[in-house]
Amino acid sequence: VISLKMAAGAEEDAVRRVSELVGKHRPDLLGLQDCGAEVAHAIASACGMQCVGDGQAAQAVLSRWPIEPVGARLPRGRGFRVRLPERSGEVLWYNVHLREHPYAPNVLYDPLKFWVEHTLHESFQDLLQESLSGGRSGRASSRLGDGSPAAAELAEMVESETQLPDLNEVLNDLEARRPDSGLILLTGSFHAASHLDYPAGPEWPCSRSCADAGLIDSFDEARKTGVADNFPASTWASNGVQDRIDFVYYSGTWAVEWSGHLDASNSGIAEWPSDHRAVLSILRADPAGLPTRIA
């Protein structure tokens, strides 16, 4: 499985570049974000894959196996049903592209600058004032940067007000359609960091909500089991902040064989089609589960 956010304005050469990526790494499923419908269908045609979705809220996806959309389009994504080969069952797959701004981790390092640069909701401003005087945690901090408790609290609220509402719509739709097989994929560009990468906090709401929904971060699972390519460790950088904000989540009987992040340095694609790294995860059914391997 590959999740790839396209670079804005890069559609002119996108078909050639992404087709080259698909040819080299042979994904069975490819979730695209920020990719227009015409370009996505051209990539699918060039690679012998099926394409559904579009370049707007539905976020185009490509599959080597039969695939169809399920339910209505959501604000930032949509669900799809993939029929696996050899009567191996179905996978419920969602592909999302959450709001890009504001980017909550920036709050940790210079929240006052963040506040000035963004026209924030009144509740953000109220929380910032609380943080200056001690915050809801009661621990005053004269310096909000460097991951202080006050900055962490503000960062969590920024993400809760921006990326999380659209993700919750996806997770609610997913839960309502959860298949009997339990086989689920969630790919996308979340523009939200993972609590798994911040053991001292913040407790990032989007990744926590995915975990609470029973979804497993495939790269983190590979990292824990020693089958990840740990470099490069991030998928994007903002103002010097390196984070994983692109993900392949899964649920069900699969085990992660390998996971890593691709860019021009390690993909074999010299002209990389994005300002994000792609996530590639190889999943195989548990021996007691379905005999299906997905890349």
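For the structure, see preceding data.
Residues numbered from 1 in each chain as written. Predicted model: local features only at pLDDT ≥ 70, side-chain atom pairs only at ≥ 80, totals over all residues. Heavy atoms only, no water.

**Points about the pattern of salt bridges**
Here is step 1 of the chain: Applying the stated criterion across every chain yields a total of 20 salt bridges.
Here is step 2 of the chain: Between R17 and D13 there is a salt bridge, with the nearest N and O atoms lying 3.6 Å from each other.
Here is step 3 of the chain: The class for R17 is buried, based on a relative accessible area of 17%.
Here is step 4 of the chain: D263 serves as the salt-bridge partner of R277, at 2.7 Å between the closest nitrogen and oxygen. Taken together, the residues span a long stretch of sequence, with R277 in the loop between β13 (254-262) and β14 (278-285) and D263 in the loop between β13 and β14 at a distance of 14 residues.
Here is step 5 of the chain: Taking the relative accessible area as the measure of exposure, R277 reaches 21% and is therefore partly exposed.
Here is step 6 of the chain: Each of D197, D217, D220, E221, R223, K224 and R244 takes part in salt bridges that share partners, so that together they form one network. (Salt bridge = Lys/Arg side-chain N within 4 Å of Asp/Glu carboxyl O. Buried < 20%, exposed > 50% of the residue type's maximum accessible area, 1.4 Å probe, protein only. Helix = DSSP H or I, 4+ residues; strand = E, 2+ residues; numbered from the N terminus.)

**Some details on the packing of helix α6 (residues 149-161) against helix α7 (residues 163-177)**
Here is step 1 of the chain: α7 packs onto α6 with a crossing angle of 50 degrees between their chain directions and a minimal axis gap of 3 Å. Classified by the angle between their axes, α6 and α7 sit oblique to one another. Counting all contacts with α6, which are made through V158, E159, S160 and E161, the residues of α7 involved are Q163, L164 and P165.
Here is step 2 of the chain: In terms of residue class, the contact of α6 with α7 is built from three nonpolar, two polar and two charged. (Axes fitted to C-alpha atoms, helices over the stretch in contact; angles between N-to-C directions. Parallel < 35°, antiparallel > 145°, perpendicular 65-115°, else oblique. Contact = heavy atoms within 4.5 Å. Nonpolar A, V, L, I, M, F, W, Y, C, P; charged D, E, K, R; others polar.)

**Topic: the environment of R178**
Here is step 1 of the chain: Secondary-structure assignment places R178 in the loop between α7 and β8 (184-189).
Here is step 2 of the chain: It is 7.3 Å that separates the C-alpha atoms of R178 and L92, two residues lying 86 residues apart in sequence.
Here is step 3 of the chain: The contact partners of R178, leaving out residues within four places of it in the chain, are L92, I184, A213 and S251.
Here is step 4 of the chain: A distance of 3.0 Å separates a polar atom in the side chain of R178 from the backbone oxygen of A213. (Polar contact = N/O pair within 3.5 Å; in protein donor to acceptor, adjacent residues only side chain to side chain.)

**Quick notes on the environment of L171**
Here is step 1 of the chain: Relative to the assigned elements, L171 resides in helix α7.
Here is step 2 of the chain: According to the relative accessible area criterion, L171 is buried, its value standing at 9%.
Here is step 3 of the chain: For the pair L171 and L186, spaced 15 residues apart in sequence, the C-alpha separation works out to 9.3 Å.
Here is step 4 of the chain: Contact partners of L171, with chain neighbours within four places excluded, come to L186, S209, C210, A213 and L215.

**Topic: the sheet that holds strand β12 (residues 246-251)**
Here is step 1 of the chain: Pairing within the open sheet is mixed, and its six strands lie in the order β5-β6-β7-β8-β12-β9. Only two strands of the sheet have a single neighbouring strand rather than two, namely β5 (67-74) and β9 (216-217).
Here is step 2 of the chain: Of the pairings in the sheet, the one linking β9 to β12 comprises two bridges and is antiparallel in character. Paired with I216 across the two strands is Y250, which belongs to β12.
Here is step 3 of the chain: Set on the sheet, α7 makes contact with β5, β7 (90-97) and β8; between it and β7 the angle comes to about 170 degrees. (Pairing = 2+ DSSP bridges.)

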